[in-house]
Amino acid sequence: EMGSGRILLMIADIAFIVMLCALGLGTVYNFFHVMRRSGCWRGAKAYCTVWEVIDWVNIFMAAFLVVAYLYATEASRGLQQLVEGLPSLGEEESARRSRT
């Protein structure tokens, strides 16, 4: 069952992935464009600016966050399955244990 909060979260996740891909593709395109225009050595020197380094750090950090988020989501799902597999106590047993 998907609630409206979960759907909103999925939309935000998709928007984040799309923006990450757009940034990554734009950065890769810019890299090859500069290399083709200026040659390897001069192109690399022209490409390596502070702002390009910041772009690459952002791309790698965002990719790390996506992987960590997916890992945490899957781990939570696994824990939920383990909890569901635990035997449940009856109401009487539950009430008796809470009184002692």
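Chains are numbered independently. Their residues run from 1 in the order of the written sequence. For this predicted model, a pLDDT threshold of at least 70 governs which residues receive local features, and a threshold of 80 or more governs which side-chain atom pairs are given and counted, while totals over whole chains, interfaces and linings are taken from all residues. The side-chain values count all of the structure's non-hydrogen atoms but skip hydrogen atoms and water molecules.

Enquirer: Describe the side chain of E52, with residues and values.
Expert: Strands are runs of DSSP state E lasting at least two residues, helices are runs of H or I lasting at least four, and both sets are numbered from the N terminus onward. Looking at where E52 falls in the secondary structure, it is placed in helix 3 (residues 50-85). Although E52 is buried, it forms no salt bridge, and the closest oppositely charged side chain is R37 at an N-O distance of 9.6 Å. Engagement of the side chain of E52 in a polar contact is seen with the side chain of Y47, the distance being 3.2 Å. Note on definitions: a residue-residue contact is assigned when non-hydrogen atoms from the two residues lie within 4.5 Å. With near-sequence residues (within four places) excluded, E52 lies in contact with T27, N30 and Y47. The buried label applies to any residue whose accessible area, calculated with a 1.4 Å probe on protein chains only, is under 20% of its type's maximum; exposed applies above 50%, and partly exposed to all values in between. The convention is simple: Lys and Arg are positive, Asp and Glu are negative, and His and the chain ends are not counted. Any carboxyl oxygen of Asp or Glu that lies within 4 Å of a side-chain nitrogen of Lys or Arg is treated as forming a salt bridge with it. Within 3.5 Å is the distance limit for a polar contact, defined as a pair of N or O atoms, with the added protein rule that one can donate a hydrogen and the other accept it, and that residues adjacent in sequence qualify only through two side-chain atoms.

Enquirer: Go over the packing of helix 1 (residues 4-38) against helix 2 (residues 40-47), please, and point to the residues and values.
Expert: All axes here are fitted lines through C-alpha atoms, helices being fitted over the stretch that makes contact, and every angle between N-to-C directions spans 0 to 180 degrees. Closest axis-to-axis distance for the helix 1/helix 2 pair is 7 Å, and the angle between their directions is 135°. Between helix 1 and helix 2, the interaxial angle falls into the category oblique. Viewed along their axes, helix 1 and helix 2 form a crossing whose handedness is right-handed. Contacts from T27, N30, F31, V34, M35 and S38 in helix 1 reach C40, R42, G43, A44, A46 and Y47 in helix 2. Amino acids outside the nonpolar list (Ala, Val, Leu, Ile, Met, Phe, Trp, Tyr, Cys, Pro) and the charged list (Asp, Glu, Lys, Arg) are all regarded as polar, and Gly is one of them. Class assignment of the residues belonging to the contact of helix 1 with helix 2 gives a composition of seven nonpolar, four polar and one charged. Any angle from 65 to 115 degrees is called roughly perpendicular, while one under 35 is roughly parallel, one over 145 is roughly antiparallel, and all others are oblique. Crossing handedness follows the turn of the near helix against the far one: under a right angle anticlockwise gives a left-handed crossing, and clockwise gives a right-handed one.

Enquirer: Go over a nonpolar patch on the surface with me, naming the residues and quoting the values.
Expert: There is a patch of nonpolar side chains on the surface, built from V53, V57, M61, F64 and L65 and spanning about 500 Å² of accessible area. Following the sequence through the fold, V53 ends up in helix 3. Patch membership is restricted to residues that have no salt bridge and whose relative accessible area is over 30%. Joining uses 9 Å for like charges and 5 Å for the nonpolar side chains Val, Leu, Ile, Met, Phe, Trp and Tyr. Only the protein chains shown count as cover for residues, and the accessible areas themselves come from Shrake-Rupley with a 1.4 Å probe.

Enquirer: Kindly report on the environment of F60, identifying the contributing residues and their values.
Expert: Among the secondary structure elements, F60 is positioned in helix 3. C-alpha separation for the pair F60 and R97, spaced 37 residues apart in sequence, amounts to 50 Å.

Enquirer: Explain the environment of I54 residue by residue, including any values.
Expert: Its location among the elements puts I54 in helix 3. Overall, the relative accessible area of 35% leaves I54 in the partly exposed class. Along the sequence, I54 and A22 sit 32 residues apart, while their C-alpha atoms lie 15 Å from each other.

Enquirer: Would you mind going over the packing of aromatic side chains in detail, with residue names and values included?
Expert: To pair, rings of Phe, Tyr and Trp, with the six-membered ring standing in for Trp, must have centres within 6.5 Å; the planes then decide the type, stacked if under 30 degrees apart, edge-to-face if over 60, and tilted in the middle. A complete count under the given rule lists three aromatic pairs for this structure. Ring centres of F31 and Y47 lie 5.0 Å apart, and the angle between their planes is 80°; on these two criteria the pair is classed as edge-to-face. Placement of F31 in helix 1 and of Y47 in helix 2 is noted, with a sequence separation of 16 residues between them. When its relative accessible area of 27% is taken as the criterion, F31 is described as partly exposed. Counting every residue linked through ring pairs, the aromatic cluster contains F31, F32 and Y47.

Enquirer: Describe the packing of helix 1 against helix 3, and please don't skip the residues or the numbers.
Expert: Relative orientation of the contacting elements helix 1 and helix 3 amounts to 145°, with a least axis distance of 10 Å. By crossing handedness, the relation of helix 1 to helix 3 is classed as left-handed. Where helix 1 abuts helix 3, its residues L9, D13, F16, I17, L20, L23, G24, T27, V28 and N30 lie against E52, D55, W56, N58, I59, A62, A63, V66 and Y69. A breakdown of the residues in the contact of helix 1 with helix 3 according to their chemical character gives twelve nonpolar, four polar and three charged.

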